Structures are given as C-alpha cells and as structure tokens.
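Chains, contacts and geometry: an overview
Okay, here's what each chain looks like letter by letter:
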Amino acid sequence: MQPDIICLGEPMLEFNEQADGRFLKGHGGDTSNAAIAAARQGASVGYLTRVGKDAFADEFLQLWQTEGVDISRVVQDPDAPTGIYFVSHNDNGHAFTYRRKGSAASLMTPADLPEDYIAGARILHVSGISQAISANAADAVFAAMDLCRNAGGWVSYDTNLRLNLWPLERARAVTHAAMAKAHIALPGLEDAVQLTGFTDPDAIADFYLDLGCEIVALTLGKDGTLIALRDERRRVPGQPVSPVDATAAGDTFDGAFLAEMAAGRDPYEAARYANAAAALSTQGYGAVAPMPRRRDVLRFMREGQAA
C-alpha cells in the first residue's frame, strides 16, 4: 500500500489523569495522533517510526491496524523501549510528564528511512517533536523532507514546541530550517510567539511565508485559524465548545486539515473542517479516544453542537 499521507515521529503510550485521580491508559505521540485523525476522516495514511518489541508497541500496532493506518514500514527494535507519558490537569490546563529517553523512535536515523515509501507520498507530515527527541532523529526528519520534496510531494510541519526536550535557541534554529523545507506550516499561536518573537498573527504568518512555506495555518485556539497564502489570507472561525480535555486537539486539527487537503479541498475549507474536528476532540479525555470520525464532524458543522 502506498498512502497519500505519511506521518513520521514517535508514538507514546499515554496515562491521562481523570477527575477521581486515577490514570486512564491511552495512546499518544503527536504525529501518530495526526495519522489516526486523518484516517478517521477517510484519508489514506501510513506511519513511519521505530517502536520497542514490547507490550506497549503491540498495542500501537493493533491500534494503527484497527484505524486503517498502514504500518508496513514500522520497525520494532528489540533493544529499546516504546516511550510513555503522563497527562495531569490543573487550573492552568494540562501538563505533560515524559519518560522517553533512549526510546526506539529516538534512535531513528536517515539510514532507516524507506526512500521509495516517502517518495510516493503526496504529503509528508512531521513536527518539532519528531526532531527534538534526538539529534539523529532531527537529521532523519530533514532527510525525509528532502526525499518527499524531491519526488514532488508536499511537506507539512507542526512546530509543537516542547521546551523540556530542547532549549529555545536550538528549537528556533531547527524549526526555522525545517519550515524552510515545508510547504504547509501548522504552528500554534503560543509556540509561534516563542519561536518567532512576534505576537501579531499576521506577522507570524508573514515570517513563515518568508521562509518559503506556501500555506500557513496558524491555530488561534477558540478564535479559530488564520490561513495565509502568499496572495490572500482569512481568519476561519472555530465552533465554540466547553472543553473537557484539550490533549491532542492540535494533532486532530493537523490530521483533519491534511485529510481535507489531500481530498482536494482549498485551505479555507480544510481549516473550517479541521476547526470543527479539533473542537469535537476536546469533548472527552485522552488523545485518541475522543477524536471524531468524518460523519461526526459533518453533523457538528451542520447542527452546531456535539452529539
């Protein structure tokens, strides 16, 4: 199978704190989340990563197969673990605690990349986290971006800044270099303010367009998304909800946006759809479980309320 969309990065088993203090087991990892979100919208999707040869990896392999994500090029490493993380909640939102040092995905190198598979994709999706987990993983992402670009595909990049993984100056240098190779920029406003130094959304969009991106989809939380192209830009409003847990809302946006782009929608239509999908994903706990399917998103867009 040659998927239209390929996502590359690190999957992580998730333990999400519930209202009663117990932790609910789930599945996370930003690009894995995006792959599943895209598949739930009907897109043809594959995932590239390394996982351990452990029970957590087996859960992911089963999850991806169930969700229709192609895993024919996923590698299992018998000598390295699958990463995990914990999500806790407080008045300021949600906080993450990671246990991923030395994970199988962090050992990925450019030599591990299946060149034919990446070259056959219409869209390759990667992120700042994909690069922050190790220097060799960062190199692998750059190499994958070049493979896709050189074959005529498009590259999508979400900054997904995590300062517990790398210092801000290195994050700026690497993500700016990656954005210069990307066609679609998918930054969040909070990340972009730290990375670019600008606070105005239009100035941020101009920054990424000047780096060479063709489309900037700057997510603005409850205020929707700014879509900026070289000759036009619009703010696409979101649909209001009362969020329960915002874990992976941005990843859901990414997957839904890319699924719509791969289906031939224009960026403004894709953003309207992705805003709705992301809003719905905040109506339950965890990264994957609350991600909506296409029928749910279309109903929400039509009726204006979650089912």
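The text that follows walks through the structure, step by step, so that each part is easy to find.

1. A look at the overall build of the chain
A count of helices and strands for the chain gives eleven helices and 14 strands. Taken against the 2.2 N^0.38 rule, which gives 19 Å for 307 residues, the C-alpha radius of gyration of the chain at 18 Å falls within 12% of a compact globule. Across its three principal axes, the chain shows a C-alpha extent of roughly 50 × 50 × 40 Å. Within the span of the chain, comprising 307 residues, buried residues form 56% of the whole. When contacts within the chain are restricted to residue pairs at least 6 apart in sequence, those whose partners lie at least 24 apart make up 70%. Taken as a whole, the chain presents about 12,500 Å² of accessible surface, with 50% of it coming from carbon and sulfur. In the chain, the 27 positive side-chain charges and the 39 negative ones have mean positions that sit 3 Å from each other.

2. Things to note about the sheet that holds strand 2 (residues 12-17)
Strand order in the open sheet made by the four strands is 3-2-7-8, with mixed pairing throughout. Strands with a single pairing partner mark the edges of an open sheet, and in this sheet they are strand 3 (23-28) and strand 8 (93-99). Pairwise comparison of adjacent strand axes, ignoring direction, gives a mean angle of 25° for this sheet. Sheet topology note: the strand 2/strand 3 ladder contains six bridges and is antiparallel. Across the sheet, residue N16 finds its bridge partner in strand 3, namely L24. Lying over the sheet, helix 2 (residues 55-67) contacts strand 2, strand 3 and strand 7 (83-90), oriented at roughly 60° with respect to strand 3.

3. Some words on the sheet that holds strand 14 (residues 233-236)
Within the open sheet, the eight strands sit side by side as 4-1-9-10-11-12-13-14. Their pairing is mixed. The strands lining the two open edges of the sheet, one partner per strand, are strand 4 (45-48) and strand 14. Examined bridge by bridge, strand 10 (residues 154-158) and strand 11 (residues 184-185) share two bridges and lie parallel to one another. Note on strand 11: the bridge partner recorded for S156 is I184. Helix 1 (residues 30-40) contacts strand 1 (5-8), strand 4 and strand 9 (123-127) of the sheet and is inclined by roughly 165° relative to strand 4.

4. Notes on the pattern of salt bridges
Enumeration over the complete set of coordinates arrives at 20 salt bridges. Between E260 and R294 there is a salt bridge, with its nearest N and O atoms 2.7 Å apart. Taken together, the residues E260 in helix 9 (residues 249-262) and R294 in helix 11 (residues 294-303) connect sequence positions 34 residues apart. For E260, a relative accessible area of 4% translates into the label buried. Residue classification places R294 among the partly exposed residues on the basis of a relative accessible area of 24%. Here the salt bridges share partners, and the residues they tie into one network are R40, E67 and R293.

5. Overview of the packing of aromatic side chains
Counted under the stated rule, the structure contains eight aromatic pairs. Taken together, the ring pairs in this structure connect F15, F23 and F86 into an aromatic cluster. A cation over a ring is seen here: R234 above Y268, with NZ or CZ 3.8 Å from the ring centre.

6. Details of the pairing of strand 12 (residues 215-219)
Here strand 12 lies mainly inside the structure; four of its five residues are buried. Note that strand 11 and strand 12 share two bridges and pair parallel. Of the residues in strand 12, the one forming a bridge with A185 is V216. As judged from the four bridges shared by strand 12 and strand 13 (residues 225-228), these two strands associate in the antiparallel manner. By the bridge assignment, V216 is partnered in strand 13 with A228. Between the end of strand 12 and the start of strand 13, which pair antiparallel, lie five residues, with G221 showing a positive phi angle near 65°.

The rules behind each value
Residues numbered from 1 in each chain as written. Predicted model: local features only at pLDDT ≥ 70, side-chain atom pairs only at ≥ 80, totals over all residues. Heavy atoms only, no water. Helix = DSSP H or I, 4+ residues; strand = E, 2+ residues; numbered from the N terminus. Rg over C-alpha atoms; globule rule 2.2 N^0.38 Å. Buried < 20%, exposed > 50% of the residue type's maximum accessible area, 1.4 Å probe, protein only. Contact = heavy atoms within 4.5 Å. Areas by Shrake-Rupley, 256 points an atom, 1.4 Å probe, with all protein chains shown as cover. Lys, Arg positive; Asp, Glu negative; His and termini not counted. Charge placed at Lys NZ, Arg CZ, Asp CG, Glu CD. Pairing = 2+ DSSP bridges. Axes fitted to C-alpha atoms, helices over the stretch in contact; angles between N-to-C directions. Salt bridge = Lys/Arg side-chain N within 4 Å of Asp/Glu carboxyl O. Phe/Tyr/Trp six-rings, centres within 6.5 Å; stacked < 30°, edge-to-face > 60°. Lys NZ or Arg CZ within 6 Å of the ring centre and 35° of its normal.

Interpretation in functional terms is not warranted from these geometric data alone.
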